[in-house]
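Observations on chain architecture
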Amino acid sequence: MAVDELARAYRAAGAGAFRRASTLPTGQHEPISVHEPAIRRSAHGFSVGTTERVVLVCGAAPAVGTSTVALSLAGAVSGVARVVECCSASASGLAAASTAELGEVGEGWVRSDRDGLVIERRQDRVDGPAGLPAPAVGQRTAWTFLDCSWDVDALLRSDSWLSDQARSAAAVVLVARATVPGLRRLDSALGLVGEQRMVAVLVGTGRRWPRPLQQSASAAVRQLRARDRLVCVPFDAQLALSGLTPDPLPSAVRAAGVSVLNQVEGLL
């Protein structure tokens with residue numbers, strides 16, 4: 001077999017296609033059918049499959065449980081899902097959440113596995129959305145959840161692939177703490193993102209809110225709640241103490257993930 005044919009066969013095998021027996025005269029070759037993954041590319045290099053659903057999960061403030069919500073969403077979908085954590089390594093909430101490390105995948109990204117769920121996170125420092133390289137193209141997934149804890153206003157005003165998603169994503173999940181200041185931050189972020197494409201998650205309370213929360217909720221937040229587009233995640237003392245580990249998420253958190261996913265699917 002000629003060197004050029006060996007090279008062609010190797011590329012075909014790597015793509016899942018195989019060379020058929022040729023019926024052409026000696027010295028001529030049939031074209032090898034190679035299946036190229038159908039992908040969409042943004043102006044800033046972010047690539048996803050044409051049927052892949054992308055959801056931005058954004059914190060209304062830092063350290064509100066954004067990674068936990070993103071993980072619960074990814075665990076609720078059918079099919080392969082990935083969570084892309086968009087922050088510096090020092091701020092990672094997913095560093096201890098995997099069951100197996102899969103190694104570096106380029107541009108400072110590392111990939112890991114959590115019982116079939118793909119996690120991608122940074123191994124270096126990133127100063128802001130504009131300095132965050134686009135994730136590597138790798139395993140095809142049905143869903144990608146972008147876990148982002150940067151300030152919503154700064155994110156929308158920056159120039160990056162992540163900002164493109166913040167401005168154009170059909171579904172944005174905003175996460176806030178169940179406190180009076182947390183509701184203020186949620187209301188502010190709601191005004192920036194737009195209610196029509198938003199699902200809110202309030203971490204630290206059940207469906208019955210304490211009176212101070214009820215009294216401090218803005219008209220926009222109350223409307224979101226009335227339309228069942230605001231999902232509450234009860235406080236879990238063990239999760240708050242230990243953070244995310246390879247262990248399964250608490251049942252109440254998993255149930256909240258299913259509820260949020262149902263609302264997100266209605267926006268897509």
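Now for a description of the structure that goes with this document. Keep in mind that this is a model prediction, so the values were computed, not measured.

1. Section: the packing of helix H5 (residues 180-193) against helix H7 (residues 219-226)
Running from N to C, H5 and H7 cross one another at 85°; their axes reach a closest spacing of 9 Å. Viewed along their axes, H5 and H7 adopt a mutual orientation that is roughly perpendicular. Contact with H5, carried on its side by Leu183, Leu186, Asp187 and Leu190, involves Ala220, Val221 and Leu224 of H7 and no other residues of that element. By residue class, the composition of the contact of H5 with H7 is six nonpolar, no polar and one charged.

2. A short note on the side chain of Arg121
Summarising the element assignment, Arg121 is placed in strand E7 (residues 117-122). There is a polar contact of 3.5 Å between the side chain of Arg121 and the side chain of Ser112. Discounting chain neighbours no more than four positions away, the residues touching Arg121 are Glu85, Ser92, Leu94, Ala95, Ser98, Glu101, Gly108, Trp109, Val110 and Ser112.

3. Considerations on the environment of Ala166
Along the chain, the position of Ala166 falls in helix H4 (residues 161-168). The exposure class of Ala166 is buried, given its relative accessible area of 4%. Residues Ala166 and Val152 lie 14 residues apart in sequence; the distance between their C-alpha atoms is 8.5 Å. If near-sequence neighbours (up to four positions away) are discounted, Ala166 is found in contact with Leu56, Leu155, Leu156 and Arg197.

What counts and how
Residues numbered from 1 in each chain as written. Predicted model: local features only at pLDDT ≥ 70, side-chain atom pairs only at ≥ 80, totals over all residues. Heavy atoms only, no water. Axes fitted to C-alpha atoms, helices over the stretch in contact; angles between N-to-C directions. Helix = DSSP H or I, 4+ residues; strand = E, 2+ residues; numbered from the N terminus. Parallel < 35°, antiparallel > 145°, perpendicular 65-115°, else oblique. Contact = heavy atoms within 4.5 Å. Nonpolar A, V, L, I, M, F, W, Y, C, P; charged D, E, K, R; others polar. Polar contact = N/O pair within 3.5 Å; in protein donor to acceptor, adjacent residues only side chain to side chain. Buried < 20%, exposed > 50% of the residue type's maximum accessible area, 1.4 Å probe, protein only.

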